[in-house]
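Commentary on secondary and tertiary structure
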Amino acid sequence: MTSLPLVPPEALSVRTHCPYCAYQCGMLIGDGTADAPGTVQGDPHFPVNNGELCIKGWTSTTLLRHPDRLTSPLVRVRGELRPATWDAALDATAEAIRATKERYGPDAVGVFGSGALTNEKAYLLGKFARVAVGTANIDYNGRYCMSSAAAAGNRAFGIDRGLPFPVSDIEKAEVVLLVGSNAADTLPPIMQWFDRQRRAGGRLAVIDPRKTATARAADLFLPVTPGSDLALANGLLYLAVEENLIARKFIESRTTGFDAVRRAVLTYHPAHVERLTGVAEATMRKLVRWLGSARSAMILSGRGPEQQSKGVDTANAFINLALALGLPGKPASGWGTLTGQGNGQGGREHGQKADQLPGYRLIEVDPHREAVAKVWGVDPASLPRKGKSAFELLDALGPEGGIRSLLVMGSNVAVASPDLTRIGCRLAALDHLTVCDAFLNETAAHAHVILPAYQWAEEEGTMTNLEGRVIHRRRVARPPTGVRGDIDILRELADRLGSGDKFAFHSARDVFEELRRATAGGTADYSGITYERIDREDGVCWPCPSEDHPGTPRLFADRFAHPDGKARFFAVEHRPAGDEPDAHYPFYFTTGRYREHYNSGAQTRLVGALTKARPHPLLQIHPAAATRHRVGGGSVVTLESRRGRAEFRAEVTPAIRPDTLFAPFHWGGSEAANQLINPALDPTSLMPEFKLAAVRIVAVGTPVETP
Amino acid sequence: MTRKRLAIVGNGMAAGRLLDELVRRTATALFDIAVFGEEVHGSYNRILLGRIIGGATADEITLKPRAWYADRGVVFHPGKLVTRLDATARVAHTRDGEQHPFDVAVFATGSKPIVPPLDGLTTGDGKPKAGAFVYRTVEDSEQIRRAARPAGSAVVLGGGLLGLEAAKALCDLGLHVTVVQRADTLMNVQVDALGGRFLRAAVERAGIFVRTGTGAVGVRGEDRITGVVLTTGEILPADMFVLACGIRPRVDAAEASGVPVRTGIVVNDLLATSVPGVFAVGECAEHDGKVYGVVPPIWAQCEVLADILTGANPQARYRGSKLYTRLKVAGVEVASMGVVEPTTDADEVIQVIEDRRGIYRKLIVRDGKLAGAVLVGETDSAPALARWFDRADPLPPNRLDVFCSPDVLAAAADPEICNCHHVTHGTLVGAIRDGCTTLPQLSAATTAGTGCGSCRGAIAKLILQHSPRTADAAVTGTGRYG
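The rules we used
- Residues numbered from 1 in each chain as written.
- Chains lettered and ligands numbered in written order.
- Predicted model: local features only at pLDDT ≥ 70, side-chain atom pairs only at ≥ 80, totals over all residues.
- Helix = DSSP H or I, 4+ residues; strand = E, 2+ residues; numbered from the N terminus.
- Expected span 1.5 Å × (residues − 1).
- Buried ≥ 20, exposed ≤ 12 C-beta atoms within 10 Å, placed from the backbone.
- Contact = placed C-beta atoms within 7 Å.
- Pairing = 2+ DSSP bridges.
- Axes fitted to C-alpha atoms, helices over the stretch in contact; angles between N-to-C directions.
- Domains from an automatic or database assignment.
- Nonpolar A, V, L, I, M, F, W, Y, C, P; charged D, E, K, R; others polar.
- Arc of directions from axis to C-beta.

Bringing helix 6 (residues 193–205) of chain B into the picture now. Residues and elements named next belong to chain B. Spanning 13 residues, helix 6 covers 18 Å between terminal C-alpha atoms, matching the ideal 18 Å at 1.5 Å per step. Within the sequence span of helix 6, burial applies to Gly-195, Gly-196, Phe-198, Leu-199, Arg-200, Ala-202 and Val-203. Of the surrounding secondary structure, the elements contacted by the buried residues of helix 6 are helix 5 (161–172), strand 12 (209–212), strand 21 (324–329), strand 22 (332–338), strand 24 (359–366) and strand 25 (369–376). Gly-207 occupies a position one or two residues after helix 6 and carries a positive phi of about 105 degrees.

Residues and elements named next belong to chain B. Pairing in this open sheet of 5 strands is parallel, and the strands run 3-2-1-7-19 from one edge to the other. The open sheet is flanked by strand 3 (75–78) and strand 19 (278–280), the only strands paired with a single partner. Recorded for the sheet is a direction-independent mean angle of 20 degrees between the axes of neighbouring strands.

Our next topic: the domain arrangement of chain A. Residues and elements named next belong to chain A. The domain architecture assigned to chain A consists of domain 1 (9–65), domain 2 (74–144 + 343–458 + 480–504), domain 3 (148–337) and domain 4 (587–701). Between the C-alpha centres of domain 1 and domain 3 the distance comes to 33 Å. Across the contact, 10 residues belong to domain 1 and 8 residues belong to domain 3. Grouping the amino acids of the side of domain 1 that touches domain 3 by side-chain chemistry returns 7 nonpolar, 2 polar and 1 charged.

This part is about the domain arrangement of chain B. As far as domains go, chain B holds domain 1 (4–111 + 248–310), domain 2 (132–245), domain 3 (339–406) and domain 4 (416–476). Taken over C-alpha atoms, the centre of domain 1 of chain B sits 68 Å from the centre of domain 4 of chain B.

The next subject is the pairing of strand 25 (residues 636–641) of chain A. All names here are of chain A. Here strand 25 shows a buried face lined by Val-637, Leu-639 and Ser-641 and an unburied face lined by Val-636, Thr-638 and Glu-640. Sheet topology note: the strand 25/strand 26 (residues 645–652) ladder contains 5 bridges and is antiparallel. Looking at strand 26, one finds that Thr-638 is bridged to Glu-647. Here strand 25 folds back onto strand 26, and the loop between the two strands holds 3 residues.

So, on to helix 2 (residues 86–104) of chain A. Residue and element names in this part refer to chain A. For helix 2, built from 19 residues, the straight-helix expectation of 27 Å at 1.5 Å per residue is met to within 8% by its first-to-last C-alpha distance of 27 Å. Looking at helix 2, one finds that the buried residues are Ala-89, Leu-90, Thr-93, Ala-94, Ala-96, Ile-97 and Thr-100. Buried residues along helix 2 cover an arc of 150 degrees about the axis, so they all sit on one side. Among the exposed residues of helix 2, those oriented more than 90 degrees off its buried face are Asp-87, Glu-102 and Arg-103.

A separate point is the interface of chain B and chain A. Taken together, the contacts link 35 residues of chain B with 43 residues of chain A. Of all the secondary structure elements, the ones that give two or more residues to the side of chain B that touches chain A are helix 8 (295–310), strand 21, helix 9 (382–391) and helix 10 (406–410) of chain B. With 6 residues, helix 9 of chain B is the single largest residue contributor to the side of chain B that touches chain A. Of the residues contributing to the side of chain B that touches chain A, the split by class is 20 nonpolar, 9 polar and 6 charged.

Here you go:
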């Protein structure tokens, strides 16, 4: 049994936010006196989570006093990582960057960021890559997370903000459709809003290949075939047209492009869609009637439809449905995506993505380049152009691909990427790898230099949650001796690379001031946001172009963000996944999360209470498939895809389709689900196809006891 | 490199789909594409012709308006019938005497309706008499719509998919409709005899009269049809006579071009005819002895052909399709896949008959796998059956398991109340009965409620429900920080 102290809130006085997901629960930590407070409580006054936390949040302070914490830089000497002084480590990294640039050009240096970084760090890392290094090749693990929904949002609405409304609007929606989101496990405290919604008489529908914890809470469940969400959305729109549920007035006055979509979905006859998706026509009809006749309805997307090689088109297919029903811009209605990573939203707005500059500006658009170059005090022509996307970047590591030296900040790419065997070889082929992190992880195993960094509670900064709400993470703990902040690290490195004057920041607030100027006039305009306002107003939603601007909790009431103010339909077609099952690899394999773990598990696998609850990944397999392969509960099942192998203990359950296997992706090594995953990329977002690969069962071992 | 000229003969659903697949593979950079359509419309969805009878406009079922072709640099020749290809000279000849050069040609000429030789059906010049209709094109459907008058009577010849669809559309317009079917049961290709009886009952309930086991031998009426003569000698009075007794591949242009034809235009796995540079796709094509008249196989063919023509995947091959039909006929749901009758002694047959509810389900199992199925009246299990059928996975030992609704299978026996610590309803109730009657006690015993705390309300309710001494204590224990 875990002993989680239930301490009255009076003793916990510092308001901050959780280190993990995009929900960024408000939490109260410590009493402001301890070096490393051990107690935490949900912040009852933060209007997003209202005092609730999930098990990860409750146990998050464990990491602040963890014995495995890195407290000294490590430098690889004769194949072995050895403690070194900060100067030696920073010199080694700077020298590697300098030498790589000199020998192979600046683009041979890669920078890999993270959706866990604060806005300030994400901004600074992007600037560091473009200004101090001069490389085009910077991207971040958010590419693996929200990039498809982001691209779809930009195409349809002219803006990408995860949710166009506050989460509290959920309770006012008569119908909510969750597409491939297991929010009950991935963003547990959000369920309070769905609970309220349903208590108020609202209805919840869930599309998922698994009967997840979220699906079990739903009034209607659509067990979709992996990779067929797009066909399902088009099929729903076909039915909406047939049943005359579409909002003609809205379509006429506020959108363009419906005609092409109407024609495209004409071939998505229910008979065809049923066979592709596995969802019965009666169920589809029920859902579309709910959505089309409700006074308010939301379609919320998760990673299921997005992490596909047709992820952007799939997201657009659901946006088409939402637009045809007239939902976006209507109160408590519309389309949104439930962002995954802590600062997935802010991370993609401030220029750590290969094609973007701060303020959601685009690196290939000249006026955008000029605006940012002016703030940075550099020649616009000196800014690199668009670089490689996350997987492409990692796949280009080594002599063949040409990226010789890599700096990774806050991401465990050796577990989080698809086709891990390949990525492992690429990482090993680097001339030089620097990893900034608080703990050793699978990626750090390849590093030449490891720079120990502050954790979330040891420095302040801002994050942008899934609503586009900019929030303030406070410093509540004293970092251990020997550890430095990322802002210091980037300053020191820039100094050594001769650009110290552009990185002379000593606090997150300094960086934020420049970030405000750099985003002014951009799509994601933060210029009116200050730390003081965030504290006073429980966060401020962007765009916020001036200090007297109230922020924008709700978008689209009057206009969409395209120049003509209209939303755009996109005609999209179903197509096969990069790796469809066949006679040799008969099963669909899909991945997801446990409530107890986060991303690659680099943090959560260090927390005793979490690993005790979920020590290993379990392979979900349907009884029909299990019987056929003589798999029992706890059997060790070896799976193989066209790329690699992984081994899991089995959990036999009817909560999954008989043609589909599921395992979570929080583990590395032989338990790494991503060994099996296909790096087929979406042509627009360059998102790898995490949600579906074709696999076969190659061996079944004797059951070991499952905890 | 000069671009090749690609001629697509026909502009039906296969041609439209082929164009989509070509455009998706950026074929317009490789080819100058010309499309020849006998009809003046852009490609439309023939499956939805029933809507035209019901009053919809052609635009509502049009997949590609003319602008679509122009926007993509495809030349569309509306109303231009290609009568033959000169495969040596590489020229397509049209009915109006034009010649269009090509390098590669694709026949996508589709099918034509079968018009049986009935006594008195045609006028002197060979045209059908007024009041007689075929049901194949937008024009046909518009004519049917115009001729359908209230209180009129219609006889539909053919009790298959098309016939029943036409009958339903006319019945919806208030006509007195009789379906005449030569076979003993309706939809005898997709549905077995017993299923056909269920289907008939449902069709009749929908207001359509059905005559089976009888055909038409002639029609009555001088200038226009007044009645239909059946093989029994009986005469059914009718203002309208709709011929829906089947389709046949349109192969006349291919024959005139010297392209080998059996039932359809003979193609191999690359959709190629034996004439170099000439391909065929869709209902007009015969692959491995089979001609397909439903959409999914044709789409699969278009994908392969586009892969081949553009070089996107030169190894793409069409290996035939499994037949699957799923539709609503006269308001009744029908699904049919694979074989509908056992063909060997080893084939297992499972039938589930619900007379009262009008529901019929049948499975044909071969070597432990689903070889075919028929569902009439209720098709919730159709998607799951399609999965067993398409994937050819071995069926569960209890064959009836495949009919289970997915929801029934997935219902958790013991729901989780505390999601943080995975404490189930059963565990909590057990602990309450063991004497934990306050929230702190229960939390201490089971860890439930010590995670996010969102389940504490539910736990308090359980205490109230199951505690021997219901408790003020429990209620006071529900405070958020209690």
